[in-house]
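# Close look at the chain arrangement
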Amino acid sequence: MPTPPQLKEAPIDGHRPMKVRVIGAGYSGIYLGIRIPQRLRNVDLQIYEKNEAVGGTWWVNRYPGCACDIPAHSYQYSFNPNPDWSAFYAPQKEICAYLQGSAEKYGVMRYVKLSHNVESCRWDDSRKKWILNVKRTDTGEIFEDDADVLIAARGNLSDPAWPNIPGLQSFQGETMHSARWNEDYDFKNKRIGVIGNGSSAIQIVPKLQKIEGAQLSCFVRSKTWITNPFGDSVMNKLGLDPKKLDFSPEQRQEFANNPEKLYNFRKIIELDGNTIHDVSLRGSAMQQGAIGLFGTAMRERLAKKPEIAEFLIPSFGIGCRRATPGPGYLEALAESNVDFITDPIDTVTATGVALKSGREVPLDALVCATGFNTGSAPPFPVYGKGELSLQSRFTPYPTAYLSLAVDGFPNFFMMLGPNSAIGSGSLTVILENEGDYIVKAIRKLQKEDYATISVKPERVRDWADYCHEYFKKTVYTDQCHSWYKSDGGFGDRITGLWPGSALHALEALRAPRWEDFDYEGLEGEGGNRMKWLGDGWSVTHMPSEDGKGWGGDPAWYMEPCFMDIPLPGRPEDAEEFKLRPFSH
Ligand code: N01
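Residues numbered from 1 in each chain as written. Predicted model: local features only at pLDDT ≥ 70, side-chain atom pairs only at ≥ 80, totals over all residues. Heavy atoms only, no water.

## Topic: the site of the ligand
What counts here: Any residue with at least one heavy atom within 4 Å of a molecule or strand is counted as near it. We call two N or O atoms a polar contact when they sit within 3.5 Å, provided that within protein one can donate a hydrogen and the other can accept it, with sequence-adjacent residues counted only if both atoms are side-chain atoms. A run of DSSP states H or I qualifies as a helix once it reaches four residues; a run of E qualifies as a strand once it reaches two. Both are numbered from the N-terminal end. Only Asp, Glu, Lys and Arg are considered charged in this grouping, and only Ala, Val, Leu, Ile, Met, Phe, Trp, Tyr, Cys and Pro are considered nonpolar; every other residue, Gly among them, is considered polar. Each domain span listed reflects an automatic or database assignment of domains.
Around the ligand lies a shell of 26 residues, among which S200, S222, R321, H481 and W483 are the nearest. One nitrogen or oxygen atom from the side chain of S200 is found 2.6 Å from an oxygen atom belonging to the ligand. Looking at the shell around the ligand, the element that brings in the most residues is helix 4 (residues 199-209), giving three residues. Tallied by class, the residues present in the shell around the ligand amount to 11 nonpolar, 11 polar and four charged. There are two domains that each give the shell around the ligand at least three residues, and those are domain 1 (18-159 + 374-521) and domain 2 (168-227 + 283-316 + 318-368).

This is how it looks when you write it as C-alpha cells:
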C-alpha cells in the first residue's frame, strides 16, 4: 500500500517567508522596492545601496549638462507619470529628485539601507542561501547577511572606466571622470581637456565651452552620429518647438490639471519610439533616410569647421554606437575656444597631454568622459554553485537568459543585465517588465515550495546563439567601437542590447517560460511535489491574526483590478480590438 501523502498544515497561499536582498537603489532597485511589497507577502526585503542616497546613476552622475538624452516622459515609471518635467530632456537633478520622490511616495525607503556596500556574495548550496558580506561605508562596520533570493539591480553603467593611458596618474592638474565629478572645481579661465565623444562628453562639452575664459581641447578618436532631437512631424504632434525644448510653467500646469493631455503627450512619444525599430536594421529604408538626414544636419551644424564633420560623420550605421541628439554639442565644437583633436594620445604628462604626433597640449584640468566597465560582472566577487565566479561565467563574453538569469547561479536575478538596453523605445518599461518577471519567480518559489530556481544551461546557450544570429542583420555589428559590444567594445558579440525591439522584449518577458528552469523542491528529491496545495484553505477566508476579520478579501476576484472585462458584441468589430494587445 503506498503511503498516503502528508498534507501541509497551511493554506495554499500562505507563502513561505523568504529573505530577498537587492543590490542597488536606482531605477531598478526602487522599482523592486515598490512591487515586491505590493505583490508578495512574507518577504523580508532589504535593498543595499552603496551611496548615501537613492537614485543610482542619477545620483552619481553630476557633470555639468547631465540630463536624460531621451524624452523624460518616456523615462519614468509607467504608473507615476511626472507632469512637471521642466524640459523635454530633463536635467539630472530633476530625475534624481523624481526617483527619490517615487521611493518616498511608495514607502520604499523603509527597505533601503544607505551607505551599505555589498562586497561579496556567495551561494551556499547546503543551506540554499546566498551569503552576503556588506560594509557600511559610514562606519566601516562589516557584517554578514543571508538571503533566499539575490537580485543585482546595480545597473550596467555604474563602474567608471578610466582610460588606460600611460602617465594618467602623473598629471598635476585636476583629473576627473564624468561619473566622479568634482563639483567644487572652478573651470573659469582654465585649459580643459575632455577625452571621449560618447553620450557623457556630448553633454559636458557644450556646458564647459560656455564657461568664461575656458579653453577646451576635445580628444576624439572615433566617429559618431549626432542625431536630431526628434522628427519635425513628432514635434508638431507634441506641440513643441524643436529649438526650445523647455516646458513653460503654464504647460506644466496644464499637464498637471489635465491628465488626458499628459497621457496623449506620452502616448505620442511611445508610439514614435516603438515605430522606428526599422532604423536598427542595416540597409533599411529608415536607416538610409536617417543617414542622409543626420549627415546633412551635422554638416550644417558644423559649417564653421567643416573638417570636424569630415572626421566625425561615420561610415557605420546610425545606432552602432549609441546615437544621441546632443543639443549644442556640434555647435560648441565649432566655437573658437574649442580645439578638436584627433591625433591619438600618447601619454599624459605632469602638465598635460602628449600626442603621438609629438604635439604637447598643456592643461589645467583633464576630464575623462570615458564611459563604464559595461557588460561585466559586478566589481565585487559573486560565486555561484561549485565556487563558479560570475566573472568567469561571463568570460569570454557576458550572457544571461533574457538578460536576467545565469545558469549555476540559483535564486539569482539581474535587472538590466547583459543584453538589456535598447536602441529605441522606453528602457524604463523594460526594467519594469524585468522586475515583474523576477517577482513572479519569487512568488513561484514561495507558493510552490521550491528551494531553488535555476535557468537551464542549454537555454542560456540557446539565448546567446539567438542573440548572435539576430544581431547579424543589424547596424550594431557594423564596424564601430561601442560599449554595446563584447571585449571592451571591439568584440563580435553584442552584449549591451536586447536582441529585438522594446516591444519584442516586453512580449518575451510577459509570461515566464517556467520549463526553461530547473527546480529543487524544499523536500528534496523524491519529495511530494504537490505539498504546496496545503490544507484546502486559502488565507483570504481564514480569520485574521487579531480575529477581527479575515486574512484577506474573501471575494477578491470581484475587484476591478482582477477583472478582465470583455467588450459586448463581437470583439473584432470594436475599434479597441485593433489597438489593445491581447492579455494573458
Ligand atoms: O561612455 P562611452 P559615456 N583614449 O563608452 C573614449 C549612458 N548615458 O559615459 O569610442 C581616448 O559611450 C571612447 O572612445 P572610443 C548611455 O547609455 C546616458 O559617454 O572608444 N578615448 C568614447 O568616445 C551611454 O551610451 C545618458 O574610440 C577614450 C568615450 O571615451 C553610456 O552612458 C547620458 C579612451 C566613452 O564613451 C556611456 O556613455 C550619458 C582612451 N583610452 C550617458 N577610453 C542619458 O542621457 C575611452 N575613450 C540617458
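Next, the rest of the story.
## A closer look at the environment of H15
Relative to the helices and strands, H15 is located in the segment before strand 1 (18-23). For the pair H15 and T370, spaced 355 residues apart in sequence, the C-alpha to C-alpha distance is 47 Å.

## Considerations on a nonpolar patch on the surface
Rule in force here: A patch consists of residues exposed above 30% relative accessible area that lack any salt bridge, with like charges linked at up to 9 Å and nonpolar side chains (Val, Leu, Ile, Met, Phe, Trp, Tyr) linked at up to 5 Å. Here the open area of atoms and residues is found with the Shrake-Rupley method and a 1.4 Å probe, where only the protein chains shown may cover a residue. Put simply, a salt bridge is a Lys or Arg side-chain nitrogen that is within 4 Å of an Asp or Glu carboxyl oxygen.
Side chains of W556, Y557, M558, F562, M563 and I565 sit close together on the surface and give an oily, nonpolar patch of about 700 Å² of accessible area. With respect to the helices and strands, Y557 occurs in the loop between strand 19 (517-521) and helix 16 (575-579).

## Things to note about the sheet that holds strand 14 (residues 360-362)
Just so we agree on the cut-off: Two strands are said to pair when DSSP picks up at least two bridges between them. Here the axes come from fitting lines to C-alpha atoms, over the contacting stretch only for helices, and the angles between their N-to-C directions go from 0 to 180 degrees.
With antiparallel pairing, the three strands of this open sheet are ordered in space as 12-13-14. Edge positions in the sheet fall to strand 12 (345-348) and strand 14, since each of these pairs with one other strand and no more. Between one strand and the next, the sheet's axes are offset by a mean angle of 25°, whatever the strand orientation. As defined by bridge partners, strand 13 (residues 352-355) adjoins strand 14 across three bridges and the pair is classed as antiparallel. Bridging across to strand 14, G352 finds its partner in P362.

## Overview of empty space enclosed by the protein
Empty space left among the atoms is revealed by rolling a probe the size of a water molecule over them. What counts is decided by this rule: For cavity detection a 1 Å grid was placed over the protein atoms alone, and a set of points counts as a cavity when a 1.4 Å probe fits there but cannot get out; an open set counts as a pocket when protein lies on both sides within 12 Å along at least five of seven lines, with lining residues being those that have an atom within 4 Å of a point. Grid points are joined across faces, edges and corners, and a volume is the space filled by probe spheres set on the points.
Within this structure, the stated rule accounts for four cavities of 30 Å³ or more. The space that makes up the largest cavity amounts to roughly 180 Å³. Among the residues making up the lining of the largest cavity, the classes are represented as nine nonpolar, seven polar and two charged. Y397, P398, T399, N419, A464, C467, R493, I494 and T495 together form the lining of the second largest cavity. By residue class, the composition of the lining of the second largest cavity is five nonpolar, three polar and one charged.

## Side note on the pairing of strand 7 (residues 149-152)
In plain terms, the rule: Buried, partly exposed and exposed residues are distinguished by accessible area as a fraction of the type maximum, computed with a 1.4 Å probe on protein chains only: under 20%, between the cut-offs, and over 50%, respectively.
Of the two faces of strand 7, the one lined by V149 and I151 and the one lined by L150 and A152 are each fully buried. Pairing of strand 1 with strand 7, which is carried by four bridges, proceeds in the parallel orientation. Paired with R21 across the bridge in strand 7 is L150.

## Looking at helix 3 (residues 92-105)
To be explicit about the condition: Take the residue count of a helix, subtract one, and multiply by 1.5 Å to get its expected span. The directions considered for the arc run from the helix axis to the C-beta atoms. Any two residues having at least one pair of non-hydrogen atoms within 4.5 Å are treated as being in contact.
For helix 3, built from 14 residues, the straight-helix expectation of 20 Å at 1.5 Å per residue is met to within 8% by its first-to-last C-alpha distance of 20 Å. Turning to helix 3, its buried residues number three or more, namely Q92, I95, C96, Y98, L99, S102 and A103. Seen from one end, helix 3 has its buried residues packed into an arc of 155°, which puts them on one side. Across helix 3 from its buried face, at more than 90 degrees, point the exposed residues K93, E104 and K105. Among the structural elements, helix 1 (27-39) and helix 2 (57-60) are those in contact with the buried residues of helix 3. In the stretch just after helix 3, G107 is the one whose phi turns positive, near 70°.

## Concerning the packing of aromatic side chains
Rule in force here: The pairing test for Phe, Tyr and Trp rings, Trp by its six-membered ring, is centres within 6.5 Å, and the orientation test on the planes gives stacked under 30 degrees, edge-to-face over 60, and tilted for anything in between.
Counted by the stated rule, this structure contains 32 aromatic pairs. When the ring of F88 is compared with that of Y89, the centres are 5.2 Å apart and the planes differ by 75°; the resulting orientation is edge-to-face. The exposure classification of F88 matches that of Y89, with both residues buried. Clustering of aromatic rings is evident, with ring pairs tying together Y27, Y31, W58, Y75, Y77, F79, W85, Y98 and Y106.

## Let's talk about the pairing of strand 10 (residues 215-219)
So the rule is basically this: By convention, a crossover is right-handed whenever its connection, traced from the first strand over the helix to the second and viewed with the strands pointing away, goes clockwise.
In terms of burial, strand 10 is largely enclosed, as four of its five residues are buried. Note that strand 9 (residues 191-195) and strand 10 share five bridges and pair parallel. The residue bridging I195 from the neighbouring strand is F219, located in strand 10. Handedness of the crossover joining strand 9 and strand 10 through helix 4: right-handed. Sheet topology note: the strand 10/strand 11 (residues 338-341) ladder contains four bridges and is parallel. Looking across to strand 11, one finds that S217 is bridged to D339.

## Re unusual backbone geometry
Here the amide bond leading from T395 into P396 is cis, since omega sits at 10°, within 30 degrees of zero. Structurally, P396 can be placed in the loop between helix 11 (390-393) and strand 17 (412-414). Phi angles above zero are rare outside glycine, and H15 is one such case at about 50°. We classify H15 as buried; its relative accessible area is 5%. The backbone phi angle of L402 is positive, close to 50°, even though this residue is not glycine. Taking the relative accessible area as the measure of exposure, L402 reaches 10% and is therefore buried.

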